[in-house]
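# An overview of the molecular structure
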Amino acid sequence: MATRKMSKPMGEQILVASVVILAIAWMVPLVWIVGLSLKSSLELVVDPNSVFSFPYTLKNYADLMVTSNLGIWLRNTLIVTITQTVLVVAISCLAGYGFARVEFPGRNVVFILVLMGLAIPQHAVIVPLHKMFNDWQMHNTFQALILPGLSGPFGVFLMTAYFRAIPIEIEEAAKLDNASRFRIFWEVTLPLAVPAMATLGIFTFLSAWNDYLWPLISATRPDMYTLTVGLAATQTNIDQSEGLGYLMAQAVFAGLPMLILYIFFQKYVVRAVAGAAIR
Amino acid sequence: MTDLAASSRAVSGQKVRKLQTWHWTELFFIAPYMVFYIALLVYPLGLGFVMSFQYFDLFAGQAEFIGLENYQQLFSDRIFQGAVVNTFKFVIFTVPAFVIVGLLIALALNRQTWWAATLRTLFFASNVLSVTIVTLIWRAVYLPEKGLLANFLGNFGVGNLAILQDPNWALQAIAVTTIWWGIGLPMVLFLASLQQIPADIYEAAKLDNASPWQTLWHITVPSIWRTVVLVTIIQIIAQFQVFGQINLMTQGGPNNSTRSMVQFIYEAGFRQWTAGFASAAAQVLFVIMVLAAGLQFWASRRKQEF
């Protein structure tokens, strides 16, 4: 292209240079805590600057495997996150198809009422929700951690829009064969909606994995903690803590699975997060 | 016999099964979701509204109607007033930064080179971390004496830095953490918007000898203006509900200087166990959020007019 030959304008060079510097600044905290996690706590107490020099050790990670509850919390998080993701995708597909294709009376009114739910923030219903699960004596169970995540209308909104965009003619052939509506949904329409299901699935997985407020108030027993709440519980005394390296090893250990998933599925993760934001 | 039944089913089936008809059993498509929606979102919303007029004892399971007392107490509560102010301050500290820095990063990285792709990956990466990990990292950065920031500023003779313990700086420090955590989202939204600007507009500008500054101001900015508005509203809604960072980094302190509205609701509801009072505060948050969502709806509708 012609632009290649022209010299880049000055303003743009300054912009790019500043963003590169910013990127380095962005990375410094990450590199630093990885460094901390590789240092013995004793050495860090004596000299915080020792993080920049040898020797490094994996002792903090070894301690992690033996002494911490990360394994249990990781298991809890996986159970909650995977169950919630599967259920949200399933009921959103069903409801999305219903709103897109089944012309029951009052459909548009019901759909608008559901969409209005997009404006209800989780934080505004957290107190009554806690009371309800308290009345049902369900706190500190997996059901309590999973169920509130199924009420958000975003998935229904996304799937309805997607099903509406699929031409109805595709279903007509199947209808002439007198297939039931559910079979048409299952065999004809649903396979076409896989991209939207992937977007919804990734977004649900991410938000369930990183959810903090609800597990914080619902799971009060350490054996029911999720990773976010468990890690939060261990960091309360960071200022007094002499185990800074150990704490940072926990952070690295807990953050790594998501970062690895992100690097492998970057395109889909970005699309899911951006799609959910603009709805 | 079976043939007859089958054929009559086929006939009636074809009669009933016109394209736009429905059968009541097909309501089962939306039924599972509607159950969760009503039971776990609509009902709690109504229950919260009722609870805000009650004195509530969660442990004894007793509720007593007290009219507007919770609201009177709330609006005269100095700490709640402070929480509202802090929340607005936090929005002002973070939202313009999200928009401006996000846009600058997008402008710089909107190109097909390996290094731009790498930096895009980097800026979005922190987005996938949970609030607990992000605050763990940044509490270590802000640690007095041992922390990265104290170490760095120590080189310039700034000693004794305890930024999260300083009422004048703690909220700003949390804002920086939040921007580090969330800058990826505005960046990708701006990138998507920049890539939709047709290349021939830029060609035309070049033929007219437009300066880069003119091109930016008269072509790029107007083309992405709707995204600027959208990002602003999305961030206002998100940052207004700030909670995790604050609860993990300062617990609302020092001296209430970082207590946000959601933090206030959390403490009233789950630390002092005054559920009715917390519900009243939640209603205030709800009203503000509905107004913001209306704004977002209006802004995203306008998009389709063009």
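Computed from a predicted model, the values in this text were never measured in an experiment.

Definitions and cut-offs
For every chain, the first residue of the written sequence is number 1, and numbering continues from 1 onward in sequence order. Following the order in which they are written, the chains are lettered starting with A and the ligands numbered starting with 1. This being a predicted model, a pLDDT of at least 70 is required before a residue's local features are given, and a value of 80 or more before pairs of side-chain atoms are given or counted; all residues contribute to the totals for chains, interfaces and linings. Think of a nonpolar core as buried Ala, Val, Leu, Ile, Met, Phe, Trp, Tyr and Cys residues chained together by C-beta atoms that fall within 7 Å. Partly exposed residues are those whose C-beta has more than 12 but fewer than 20 other C-beta atoms within 10 Å; 20 or more makes a residue buried and 12 or fewer makes it exposed, with C-beta atoms placed from the backbone. Where each domain begins and ends is defined by an automated method or by a domain database. Helix numbers and strand numbers start at the N terminus; a helix is a DSSP run of H or I with at least 4 residues, a strand a run of E with at least 2. In a helix, the anticipated span is given by 1.5 Å times the number of residues less one. By the convention adopted here, residues are in contact when the distance between their C-beta atoms, placed from the backbone, does not exceed 7 Å. Classification convention: Asp, Glu, Lys, Arg as charged; Ala, Val, Leu, Ile, Met, Phe, Trp, Tyr, Cys, Pro as nonpolar; all other residues, Gly among them, as polar. pLDDT is a residue-level measure of predictor confidence that goes from 0 to 100. Any two strands with at least two DSSP bridges between them are considered paired.

Core analysis: the largest hydrophobic core is formed by 151 residues, its most contacted members being Ile265 and Ala281 of chain B. Of the domains in this structure, domain 1 (2-62) and domain 2 (70-234) of chain A are the two that each give at least three residues to this core.

Attention now moves to helix 6 (residues 131-142) of chain B. With 12 residues, helix 6 of chain B extends 16 Å from end C-alpha to end C-alpha; this agrees with the ideal 16 Å at 1.5 Å per step. Listing the buried residues of helix 6 of chain B in full gives Val131, Thr132, Ile133, Val134, Thr135, Leu136, Ile137, Trp138, Arg139, Ala140, Val141 and Tyr142 of chain B.

For the rest of this paragraph, the subject is the domain arrangement of chain A. Examined at the domain level, chain A breaks down into domain 1 (2-62) and domain 2 (70-234). The centre of domain 1 of chain A, based on its C-alpha atoms, is set 38 Å off from the matching centre of domain 2 of chain A.

In this complex, chain B contributes 77 residues to the contact, which on the side of chain A involves 78 residues. A breakdown of the residues in the side of chain B that touches chain A according to their chemical character gives 60 nonpolar, 12 polar and 5 charged.

Let's shift gears to unusual backbone geometry. Residue and element names in this part refer to chain B. Even without being a glycine, Asn209 presents a positive backbone phi close to 60°. In this structure, Asn209 sits in the loop between helix 10 (199-207) and helix 11 (212-223). Its 7 C-beta neighbours within 10 Å are what place Asn209 among the exposed residues. In this structure, Asn256 takes a positive phi of about 65° despite not being glycine.

This next bit is on helix 5 (residues 114-125) of chain B. Along its 12 residues, helix 5 of chain B runs 16 Å from first to last C-alpha, staying within 8% of the 16 Å computed at 1.5 Å per residue. All of the buried residues in helix 5 of chain B are Leu119, Arg120, Phe123, Phe124 and Ala125 of chain B. Elements that come into contact with the buried residues of helix 5 of chain B comprise helix 1 (10-37), helix 14 (244-264) and helix 15 (266-278) of chain A together with helix 4 (78-109) and helix 9 (184-194) of chain B.

Attention now moves to the confidence of the model for chain A. Residues and elements named next belong to chain A. Counting all residues, the mean pLDDT for chain A is 86, and 90% of those residues have values of 70 or more. Mean pLDDT values over the elements of chain A span from 67, in helix 2 (residues 41-46), up to 95, in helix 7 (residues 142-146). Taken together, the stretch residues 1-6 has pLDDT below 50 and engages in 0 contacts with residues farther than four places along the chain or on a different chain.

This brings us to the pairing of strand 1 (residues 54-57) of chain B. Residues and elements named next belong to chain B. Of the two faces of strand 1, only the one carrying Gln54 and Phe56 is buried; Tyr55 and Asp57 on the other face are not. In this structure, strand 1 lies alongside strand 2 (residues 62-65), joined through 4 bridges in antiparallel fashion. Counterpart to Gln54 in the pairing with strand 2 is Phe65.

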